[in-house]
Amino acid sequence: MGKELTVVMDAQGIERCIERIAYEIRENNEGAQDLVIIGIRAGGILLADRLSTMLRDIEGTEIPTGVLDITLYRDDLLSGTGKPKLGKTEIPFSLDGKIVVLVDDVIFTGRTIRAAMDALIDFGRPKRIQLAVLIDRGHRELPISPDYVGKSLPSSLWEKVVVELSPSPGNDRIIIEN
Amino acid sequence: MKLGHKDLLGLEHVSREEISLILDTAESFKEISTRRIKKVPTLRGKTVINLFVEPSTRTRTSFEIAGKRLSADVINFTTSASSFVKGETLRDTAQTLQSMAPDIIVIRHSAAGAPHILARLLQASIINAGDGAHEHPTQALLDMLSIREKKGRLEGLKVAIVGDISHSRVARSNIFGMTTMGMSVAIGGPPMMIPRDLEKLGVTVHYRLADAIQDADVVMMLRIQFERQASSLFPSIREYARFYSLTRDTIGLAKDDVIIMHPGPINRGVEIAPDIADGPSSIILDQVTNGVAVRMALLYLLGGGTE
């Protein structure tokens, strides 16, 4: 039985979503004062970069951007024999008093975001944490909801939602695998 | 990603991929020690027992910090060496430990093979923190991490290890690990301190310091234990230092960008001159920092067990 692939968003659609989210972030926070962007490894990294660049172009100031690896905060580490590959966290600035926009490509059960928030609190005391995702595919297991959503995509549990972003934006797409 | 075994007993049978995995993981752990809150919840609720039958403050503290930074419960179980007789009491100790249901046991023992006995008897993951003169794998791993950090790679580098090789578990583990990673290892020291047939491990043996450190990218000096002098292994400390000490004069034979290492504690003026130990080529303090990261990586990779 082969994999069924459906493309639900193309590169242009993704670009528009990111742009809208950038404007929403700016509006919600009345500018980019004290704003920092943290991308969750691995799916949120490129997205965080794109958002950061877009906000920089709109606002005219550089927004501090970092990468958060949440492997060590996962709640499913103790089961199974293997350990997920650990990546590096790079947050070379203080989070105290900052508005942190957490960025990930897809929000599903919400457990990744829970882990990310626990990690952020260990780093310092942000003034506020907001969440930006490209896709909300439903099936939340924790009471967590994003502040900024690219697209709401109700999905079935057996489907796999994949966001493919590449450094050269022309090849981006979002697909559902069956 | 996992290591191929439930324990880390030595580097002799650890593959290149496994060593790379440990080093890569350790690198990611380094960053935690720079945070304001140096703690992650990963091993919360896990029990790590430090069973140090042979006393050690530095290694034990390093493992303790590593475990605590991972939120594990670390218990120090130290016994005087005299209460252990061959393997029998170790077995009793093992059974006592088993009833405490530890997840990981870190053991340092004066008898080679003691960690292996525990590994066979217990379900816990066993980490060898030094067994007699046999192996000290976590030291070799932190040494390799330190080298990789400074040089950007391991393969093809020339390392000189100088000192009392026959009594050095650090040398042995480094020989195993470094040859596995494709480094070329040159051993230097007086003939009565170098085991016969050491070349069989894939190293070159030199009895003159100059020959060993010629063109070396890395020079690792081992601690001379003064007790060995009492057992007539060499006439005097001063004579040893005259022939085998790393000084401003002798270091010139190595490459210009050579890095100097030492497992510690150093005997200033004996195996290494103070200005070299404190100089810009020395990465001795980085080794200590990397020690915590490597031990965190191992506790992470081995801890958790199967459920």
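Here's a quick rundown of the structure. Everything numeric here is computed off the predicted structure, so don't read it as measured data.

**A word on the side chain of Asp122(A)**
Logical step 1: In this structure, Asp122(A) sits in helix α3 (residues 111-123).
Logical step 2: For the buried Asp122(A), no salt bridge is present, and the opposite-charge side chain at shortest range is Arg35(B), 5.6 Å distant.

**Details of the packing of aromatic side chains**
Residue and element names in this part refer to chain B.
Logical step 1: A complete count under the given rule lists two aromatic pairs over all chains for this structure.
Logical step 2: Pairing phenylalanine 29 with tyrosine 300 gives two aromatic rings, centres 5.6 Å apart and planes at 65 degrees, and the pair type is edge-to-face. Residue phenylalanine 29 is found in helix α1 (residues 16-30), and its partner tyrosine 300 is found in helix α11 (residues 284-302); the two are separated by 271 residues along the sequence. Here phenylalanine 29 and tyrosine 300 have matching classes, each one buried.

**Notes on the sheet that holds strand β7 (residues 204-206) of chain B**
Residues and elements named next belong to chain B.
Logical step 1: Reading across the sheet, the five strands line up as β7-β6-β5-β8-β9 and stay open at both edges, with parallel pairing between neighbours. The open sheet is flanked by β7 and β9 (259-261), the only strands paired with a single partner. Taking each pair of neighbouring strands and ignoring which way they run, the sheet shows an average axis angle of 20 degrees.

**Structural notes on the sheet that holds strand β8 (residues 173-177) of chain A**
Residue and element names in this part refer to chain A.
Logical step 1: One open sheet accounts for three strands, arranged β1-β8-β7; its pairing is antiparallel. With partners counted over all chains shown, the strands left at the sheet margins are β1 (5-10) and β7 (160-164), one partner each. Neighbour-to-neighbour, the strand axes of the sheet open up by a mean angle of 25 degrees, direction not taken into account.
Logical step 2: Against the sheet, helix α1 (residues 11-28) makes contact with β1 and β8, and its axis sits at roughly 45 degrees relative to β1, the strand it touches most.

**Overview of the nonpolar core**
Logical step 1: Residues Leu68(A), Leu141(B) and Ile161(B) are the most contacted members of the largest nonpolar core, which totals 87 residues.
Logical step 2: A total of 10 residues in this core trace back to one element, the largest contributor, which is α11(B).
Logical step 3: Among the nonpolar cores identified, the runner-up in size contains 30 residues, and Cys17(A), Ala32(A), Ile37(A) and Ile99(A) belong to it.

**Here we look at α3(A)**
Since there are 3.6 residues in each turn of an α-helix, residues three or four apart along the chain are aligned in direction.
Residue and element names in this part refer to chain A.
Logical step 1: Taking 1.5 Å of rise per residue, 13 residues should cover 18 Å, and α3 covers 19 Å from first to last C-alpha, within 8% of that figure.
Logical step 2: Every buried residue of α3 is accounted for by Ile113, Ala115, Ala116, Ala119, Leu120, Asp122 and Phe123.
Logical step 3: Buried residues belonging to α3 abut β2 (35-40), β3 (65-68), β4 (99-107) and β5 (128-136).

**A word on unusual backbone geometry**
Logical step 1: In this model, Arg41(A) is joined to Ala42(A) through a cis peptide bond whose omega is 0 degrees.
Logical step 2: In this chain, Gly264(B) is followed by Pro265(B) through a cis amide linkage whose omega measures -10 degrees.
Logical step 3: As for its placement among the helices and strands, Pro265(B) is situated in the loop between β9 and α10 (274-277).
Logical step 4: Even without glycine at this site, Asp34(A) takes up a positive phi of about 65 degrees.
Logical step 5: Among the residues examined, Asp34(A) registers a relative accessible area of 29% and is labelled partly exposed.
Logical step 6: Of note in this structure, His139(A) is not a glycine but carries a positive phi near 70 degrees.

**Quick word on the pattern of salt bridges**
Logical step 1: One pass over the structure, following the stated rule, counts 32 salt bridges over all chains.
Logical step 2: The residue Glu27(B) makes a salt bridge to Lys88(A) at a minimum N-O spacing of 3.1 Å. In this pair, Glu27(B) sits in helix α1 while Lys88(A) sits in the loop between β3 and β4, so the two residues belong to two different chains.
Logical step 3: Since its relative accessible area comes to 27%, Glu27(B) is described here as partly exposed.
Logical step 4: Of the residues examined, Lys88(A) reaches a relative accessible area of 34% and is grouped as partly exposed.
Logical step 5: Ionic pairing is found between Glu149(B) and Lys30(B), a salt bridge with its closest N-O pair at 2.4 Å. Here Glu149(B) is found in helix α5 (residues 137-151), whereas its partner Lys30(B) is found in helix α1, with 119 residues between them in sequence.
Logical step 6: Salt bridges linked by common partners bring Lys85(A), Lys88(A), Asp24(B), Glu27(B) and Arg148(B) together as one network.

So, how was this worked out
Residues numbered from 1 in each chain as written. Chains lettered and ligands numbered in written order. Predicted model: local features only at pLDDT ≥ 70, side-chain atom pairs only at ≥ 80, totals over all residues. Heavy atoms only, no water. Helix = DSSP H or I, 4+ residues; strand = E, 2+ residues; numbered from the N terminus. Buried < 20%, exposed > 50% of the residue type's maximum accessible area, 1.4 Å probe, protein only. Lys, Arg positive; Asp, Glu negative; His and termini not counted. Salt bridge = Lys/Arg side-chain N within 4 Å of Asp/Glu carboxyl O. Phe/Tyr/Trp six-rings, centres within 6.5 Å; stacked < 30°, edge-to-face > 60°. Pairing = 2+ DSSP bridges. Axes fitted to C-alpha atoms, helices over the stretch in contact; angles between N-to-C directions. Contact = heavy atoms within 4.5 Å. Core = buried A, V, L, I, M, F, W, Y, C linked by side-chain atoms within 4.5 Å. Expected span 1.5 Å × (residues − 1).

This is a description of form; function is not addressed.
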